[in-house]
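Listed below, chain by chain, are the residues.
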Amino acid sequence: MKELPIRGAIFDLDGTLFDSMGVWTEVDRAFLSKRGIPMPEDYHDEIKCRNFPEAAAYTKTRFSLPECEQTIMREWFDMTVNAYENDVQLKPFAYEYLFALRAKGIKTGIATSSKQALYLHVFARCGIADCFDAIVTTEETKPKSYPDVYLETAKRLGVPPHECAVFEDILVGIKSAKAAGFYTVAVEDESSLAEREQLRAAADRYIVSFKELLSF
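Residues numbered from 1 in each chain as written. Predicted model: local features only at pLDDT ≥ 70, side-chain atom pairs only at ≥ 80, totals over all residues. Heavy atoms only, no water.

**Q** Go over the overall build of the protein with me, naming the residues and quoting the values.
**A** Looking only at helices and strands, the protein features 9 helices and 8 strands. Taking 2.2 N^0.38 as the reference for a compact globule, 216 residues should give roughly 17 Å; the C-alpha atoms of the protein span a radius of gyration of 17 Å, in line with that estimate. With respect to the three principal axes, the spread of C-alpha positions in the protein is 50 × 35 × 30 Å. Within the protein, the fraction of its 216 residues that count as buried is 51%. Partitioning the intrachain contacts of the protein with sequence separation of at least 6 by distance along the chain shows that 66% fall at a separation of at least 24. For the protein, the accessible surface area stands at approximately 9900 Å², while carbon and sulfur atoms represent 51% of it. (Helix = DSSP H or I, 4+ residues; strand = E, 2+ residues; numbered from the N terminus. Rg over C-alpha atoms; globule rule 2.2 N^0.38 Å. Buried < 20%, exposed > 50% of the residue type's maximum accessible area, 1.4 Å probe, protein only. Contact = heavy atoms within 4.5 Å. Areas by Shrake-Rupley, 256 points an atom, 1.4 Å probe, with all protein chains shown as cover.)

**Q** Quick one: what's the story with the sheet that holds strand E5 (residues 134-137), residue by residue and with numbers?
**A** With respect to topology, 6 strands assemble into an open sheet ordered E5-E4-E1-E6-E7-E8, the strand pairing being parallel. The sheet is open, and its two borders are formed by E5 and strand E8 (205-207), each paired with just one other strand. Strand-to-strand twist across the sheet, computed as the mean angle between neighbouring axes with direction ignored, equals 20 degrees. Of the pairings in the sheet, the one linking strand E1 (residues 8-11) to strand E4 (residues 107-112) comprises 4 bridges and is parallel in character. (Pairing = 2+ DSSP bridges. Axes fitted to C-alpha atoms, helices over the stretch in contact; angles between N-to-C directions.)

**Q** Would you mind going over the side chain of Asn51 in detail, with residue names and values included?
**A** Here Asn51 lies in the loop between helix H2 (43-47) and helix H3 (52-62). Note on Asn51: relative accessible area 6%, which makes it buried. Among the polar contacts listed, one links the side chain of Asn51 to the backbone oxygen of Thr138, at a separation of 3.3 Å. Once residues within four sequence positions are removed from consideration, Asn51 is found in contact with Ser113, Thr138 and Glu139. (Polar contact = N/O pair within 3.5 Å; in protein donor to acceptor, adjacent residues only side chain to side chain.)

**Q** I'd like a rundown of the nonpolar core, residues and numbers included.
**A** In terms of nonpolar packing, the biggest core is built from 51 residues, with Phe11, Leu17, Phe18, Trp76, Tyr97, Phe167 and Phe210 touching the most fellow members. By residue number, the principal contributor to this core is helix H4 (residues 69-86), which donates 7 residues. The residues touching Phe210, leaving out its near neighbours within four places in the chain, are Phe11, Thr16, Leu17, Lys91, Pro92, Phe93, Ala94, Tyr97, Phe167 and Val187. Within the second largest apolar cluster, 13 residues are counted, among which are Ile10, Leu157, Val159 and Cys164. (Core = buried A, V, L, I, M, F, W, Y, C linked by side-chain atoms within 4.5 Å.)

The following block contains the structure:
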């Protein structure tokens with residue numbers, strides 16, 4: 001394994017550490033189907049880099065829904081909470097890689113659009129609750145089309161961007177993190193396969209599995 005040139009590691013959750021994007025795709029489909037709306041091909045890509053309030057506002061506007069944003073978010077949360085409590089797992093070798101980083105004294109953080117009430121269930125069930133030195137959400141900063149969530153996480157880690165790696169599965173996140181001076185690692189996920197070649201071109205490194213970053 002070629003060691004990454006880092007003192008800090010910042011991870012996205014859904015689609016990067018968590019094998020969870022299938023849950024969100026089904027939620028999107030079921031939410032729209034309940035209203036008699038077929039899910040457009042571009043809808044998931046349009047909302048996956050937005051935080052909850054922004055995704056709700058976009059959805060309400062795009063489909064002219066009568067519900068307020070808070071009602072939409074509550075319905076989404078209720079549809080996903082059971083999966084996060086019981087079913088969502090870590091990506092293969094993510095657990096091992098996190099603990100390998102911790103053993104080397106590399107600070108680790110989270111930069112996510114997910115809600116705490118969802119991801120804490122996975123942290124506890126999968127044994128990684130104590131793995132992170134900082135957790136920042138896009139609800140505190142800006143969407144991932146801006147680098148703010150990564151910059152704030154690096155600030156809380158006490159590590160400058162050029163000494164941090166950002167692990168992401170979405171192209172917009174890779175691009176904004178790289179533009180801000182981070183080393184970027186694109187993590188393959190089924191939901192982003194259509195962007196695979198663009199991710200390969202944009203990121204400093206592209207991995208199919210965290211196993212590629214481990215020494216055995």
